[in-house]
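Chain and residue survey
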Amino acid sequence: MPLPYVQVIEWTVGTGLAQSSTTLPVGARVLSCMVEVTSAYSAGGDLRIGQIGDESKFLAAEFVEMPLGTTSKRDQNTLASNPAKKVSARVIGAPSTGQAKVTVLYVEQPRP
């Protein structure tokens, strides 16, 4: 039986909501979520990674560092939402500037 292969989603988020263009299929498992701050965020914001309806599902705000050059990562084995939804990154609060690269690793159908 072939092993499932790891797929990668990468996109950039600024100061609001940024959805990836990729929909996680039903049954997919997120293995890792990483945020790399590429442009410093002004004060007053938190960043969350998840899916619409559960915006902190993969990376809650308390695990994300917002200063320039920081990388926050959480390894996991989290089941994606049912029905299938896009992955989203949302900056909560009121930072006027800032940008980060978001990377999500997942497998579509884990096998025993």
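As the structure is a computational prediction, the values presented were derived from the model and not from experiment.

1. Observations concerning the overall build of the protein
Summing up its helical and strand segments, the protein has zero helices and eight strands in all. Counting helices and strands in the order they occur from the N terminus, the protein gives β-β-β-β-β-β-β-β. Taken over C-alpha atoms, the radius of gyration comes to 14 Å for the protein, in line with the 13 Å a tight globule of 112 residues would show. Seen along its three principal axes, the alpha-carbon backbone of the protein occupies a region of about 50 × 25 × 20 Å. A fraction of 83% describes how many contacts in the protein between residues 6 or more apart in sequence connect residues 24 or more apart.

2. Topic: the sheet that holds strand 8 (residues 99-107)
The strand order across the open sheet formed by four strands is 1-8-3-6, and the pairing between neighbours is antiparallel. The open sheet has two edge strands with one neighbour each: strand 1 (7-13) and strand 6 (71-79). Averaged over neighbouring strand pairs, the angle between their axes works out to 15° when direction is ignored. Taken together, the seven bridges between strand 1 and strand 8 define a ladder with antiparallel strand orientation. Paired with Val-13 across the bridge in strand 8 is Ala-100.

3. Observations regarding the sheet that holds strand 7 (residues 85-93)
One open sheet accounts for four strands, arranged 2-7-4-5; its pairing is antiparallel. Strands at the two margins of the open sheet, each flanked by one partner only, are strand 2 (17-24) and strand 5 (54-59). Here the strands of the sheet are splayed against their neighbours by 40° on average, with no regard to which way each runs. The pairing of strand 4 (residues 45-51) with strand 7 spans seven bridges and is antiparallel. Following the sheet pairing, Ile-49 is matched in strand 7 by Ala-89.

4. Some thoughts on the pattern of salt bridges
Enumeration according to the criterion identifies four salt bridges in this entry. Residue Lys-73 pairs with Asp-75 through a salt bridge whose shortest N-O separation is 3.6 Å. Through salt bridges with shared partners, one network takes in Glu-10, Glu-36 and Lys-101.

Criteria and cut-off values
- Residues numbered from 1 in each chain as written.
- Predicted model: local features only at pLDDT ≥ 70, side-chain atom pairs only at ≥ 80, totals over all residues.
- Heavy atoms only, no water.
- Helix = DSSP H or I, 4+ residues; strand = E, 2+ residues; numbered from the N terminus.
- Rg over C-alpha atoms; globule rule 2.2 N^0.38 Å.
- Contact = heavy atoms within 4.5 Å.
- Pairing = 2+ DSSP bridges.
- Axes fitted to C-alpha atoms, helices over the stretch in contact; angles between N-to-C directions.
- Salt bridge = Lys/Arg side-chain N within 4 Å of Asp/Glu carboxyl O.

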